[in-house]
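The primary structure of each chain is shown beneath.
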Amino acid sequence: MPRSVNAVASRARRKKVLKATKGYFGRGKNVWTVAKNKYEKGLQYAYRDRKVKKREFRALWIQRINAGVRQYGISYSQFMGMLKKSSIDLNRKVLADLAMNHPDAFKAVVDKVK
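Because the structure is a prediction, the values reported are computed rather than measured.

Enquirer: Quick question: what am I supposed to make of the environment of Arg3 here?
Expert: Within the element layout of this structure, Arg3 appears in the segment before helix H1 (7–20). According to the relative accessible area criterion, Arg3 is exposed, its value standing at 75%. Along the chain, Arg3 and Gln78 lie 75 residues apart, while their C-alpha atoms are 73 Å from each other.

Enquirer: Honestly, the packing of helix H2 (residues 32–70) against helix H4 (residues 92–101) in this entry has me stumped. Any pointers?
Expert: Two numbers describe a pair of packed helices, the interaxial angle and the distance between the axes. Following both chains from N to C, one finds H2 and H4 inclined at 45°, their axes separated by 8 Å at the closest point. For the element pair H2 / H4, the angle class is oblique. With respect to the hand of their crossing, H2 and H4 are arranged in left-handed fashion. Of H4, the residues touching H2 (which contributes Arg58, Trp61, Ile62, Arg64, Ile65 and Gly68) are Arg92, Lys93, Leu95, Ala96, Ala99 and Met100. Class assignment for the residues of the contact of H2 with H4 results in 7 nonpolar, 1 polar and 4 charged.

Enquirer: Would you take a moment to explain the pattern of salt bridges for this structure?
Expert: Side chains that differ in sign of charge can pair as their charged atoms come close. Tallied over the entire structure, the rule returns 2 salt bridges. Among the ionic pairs, Arg48 bridges to Asp49, the shortest N-O distance being 2.9 Å. Residue class for Arg48 comes out partly exposed when judged on its relative accessible area of 44%. With its nearest N and O atoms 3.3 Å apart, the salt bridge here joins Asp111 to Lys107. Highlighted residues: Asp111 and Lys107, both in helix H5 (residues 103–113), separated by 4 residues, approximately one helical turn. Judged by relative accessible area, Lys107 falls into the partly exposed class, the value being 37%.

Conventions adopted
Residues numbered from 1 in each chain as written. Predicted model: local features only at pLDDT ≥ 70, side-chain atom pairs only at ≥ 80, totals over all residues. Heavy atoms only, no water. Helix = DSSP H or I, 4+ residues; strand = E, 2+ residues; numbered from the N terminus. Buried < 20%, exposed > 50% of the residue type's maximum accessible area, 1.4 Å probe, protein only. Axes fitted to C-alpha atoms, helices over the stretch in contact; angles between N-to-C directions. Parallel < 35°, antiparallel > 145°, perpendicular 65-115°, else oblique. Left-handed = near helix turned anticlockwise from the far one by under 90°. Contact = heavy atoms within 4.5 Å. Nonpolar A, V, L, I, M, F, W, Y, C, P; charged D, E, K, R; others polar. Salt bridge = Lys/Arg side-chain N within 4 Å of Asp/Glu carboxyl O.

This is the structure in structure tokens:
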């Protein structure tokens, strides 16, 4: 009995990967073994960086809030402590947006906390 290999499925799988690696540098776009490795590594980076993105945005929000409250003579940690005591439930994303784009509203929050 002849060996069955299902070439149709194999070819489809390869085409899917080669389509995804379109635009990669050098042999990463057209040589199957190199493209497969680059594709898999790219998926690993994508998974990892979905987590890293959250960390980086939180750090950015903290920097923006800190820069905003320093104008009023308070440090970031003091501000966050006072915010908790006065039971104002605004997250860092909203506070950073206020500090950057709506300084009057941010000043009102700082005055309320003080």
